[in-house]
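The residues making up each chain are set out below.
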Amino acid sequence: MIHPPFGCKERLKALFGDTLAECSEQYDPQEVADAFVEELDSWITYHHNCANAYELIRESLRKRVCEA
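Thresholds, definitions, all that
- Each chain carries its own residue numbering, running from 1 in the written order of its sequence.
- Local features in a predicted model are, by the rule used here, given only for residues with pLDDT of at least 70; side-chain atom pairs are given and counted only at 80 or more, and totals for whole chains, interfaces and linings are based on all residues.
- In computing side-chain properties, one takes all heavy atoms of the structure into account and sets aside hydrogens as well as water.
- Secondary structure elements follow DSSP: runs of H or I of four or more residues count as helices, runs of E of two or more count as strands, with numbering from the N terminus.
- For the radius of gyration, the atoms used are the C-alpha atoms, and the globule rule reads 2.2 Å times the number of residues raised to 0.38.
- Partly exposed residues are those whose accessible area sits between 20% and 50% of the maximum for their type, while under 20% is buried and over 50% is exposed, using a 1.4 Å probe and protein chains only.
- Accessible surface is estimated by sampling points in the Shrake-Rupley manner with a 1.4 Å probe; for residues, cover comes only from the protein chains shown.
- For this count, His and the chain ends are skipped, Lys and Arg are scored as positive, and Asp and Glu as negative.
- The atom standing in for a charge is NZ when the residue is Lys, CZ when it is Arg, CG when it is Asp and CD when it is Glu.
- Nonpolar side chains (Val, Leu, Ile, Met, Phe, Trp, Tyr) within 5 Å and like charges within 9 Å form the patches, drawn only from residues with over 30% relative accessible area and no salt bridge.
- By convention in these notes, a salt bridge is any Lys or Arg side-chain nitrogen within 4 Å of a carboxyl oxygen on Asp or Glu.
- Polar contacts, as counted here, are pairs of nitrogen or oxygen atoms within 3.5 Å of one another; within protein the pair requires one atom able to donate a hydrogen and one able to accept it, and residues that are adjacent in sequence qualify only if both atoms are side-chain atoms.
- In summary, the pairing rule links any two rings of Phe, Tyr or Trp, Trp by its six-membered ring, whose centres are within 6.5 Å, and it sorts them by plane angle into stacked for under 30 degrees, edge-to-face for over 60 and tilted for everything else.
- By definition here, a helix of n residues has an expected span of 1.5 Å times n minus one.

**Student:** Honestly, the overall build of the protein chain in this entry has me stumped. Any pointers?
**Tutor:** Secondary structure summary: the protein chain contains 2 helices and 0 strands in total. For the protein chain, the C-alpha radius of gyration of 20 Å lies well beyond 11 Å, the compact-globule estimate for 68 residues. In terms of overall dimensions, the protein chain has a C-alpha envelope of 65 × 30 × 15 Å along the principal axes. Residue burial in the protein chain is summarised as follows: out of 68 residues, 6% are buried. As presented, the protein chain carries roughly 6400 Å² of accessible surface, and 61% of it is formed by carbon and sulfur atoms. Of the side-chain charges in the protein chain, 7 are positive and 13 negative, and the distance between the mean point of each set is 18 Å.

**Student:** I'm lost on a negative patch on the surface in this one. Help?
**Tutor:** Taken together, the side chains of Asp28, Glu31, Asp34, Glu38, Glu39 and Asp41 make up a negatively charged region of the molecular surface. Structurally, the position occupied by Glu31 is in helix H2 (residues 29-67).

**Student:** It is not clear to me how the environment of Asp28 should be interpreted in this structure. Could you clarify?
**Tutor:** Take Asp28: it is sitting in the loop between helix H1 (9-21) and H2. At 3.0 Å, the side chain of Asp28 forms a polar contact with the backbone nitrogen of Gln30.

**Student:** Explanation requested: the packing of aromatic side chains in the structure shown.
**Tutor:** Describing an aromatic ring pair means giving the distance of the ring centres and the angle of the ring planes. Applying the stated criterion across every chain, the model contains 2 aromatic pairs. Taking 5.7 Å as the distance between ring centres and 50° as the angle between the ring planes, the aromatic pair formed by Phe16 and Phe36 counts as tilted. You can see Phe16 sitting in helix H1 and its partner Phe36 sitting in helix H2, a full 20 residues away along the chain. Considering the side-chain rings of Trp43 and Tyr46, the 6.3 Å spacing of their centres and the 75° angle between planes classify their relative orientation as edge-to-face.

**Student:** Sorry if this is basic, but what is going on with a nonpolar patch on the surface here?
**Tutor:** A cluster of nonpolar side chains, contributed by Phe16, Leu20 and Phe36, occupies part of the molecular surface with about 260 Å² of accessible area. Given a relative accessible area of 42%, Phe16 falls into the partly exposed group.

**Student:** Is there a simple way to think about H2 in this case?
**Tutor:** For an α-helix the count is 3.6 residues per turn, leaving residues at separations of three or four pointing the same way. Taking 1.5 Å per residue, 39 residues should reach 57 Å; H2 reaches 57 Å between its end C-alpha atoms and fits that length. Where H2 starts, the residue carrying a side-chain oxygen 3.0 Å from the main-chain nitrogen of Gln30 turns out to be Asp28.

Have a look at this one:
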């Protein structure tokens, strides 16, 4: 299946639909909910770590510029 363009609501709906298609009757609804929460937690941690790294780079650049 070809998804709509990146960043649009229709793409998110299509991807969400693909995810829901994976959830057969044998899936425990709590496990599905837990998977979503765990993935959100993972993304938050990832982006927090990226932000920390970028702040360190910025601090190093500022220090270098001030020393120049």
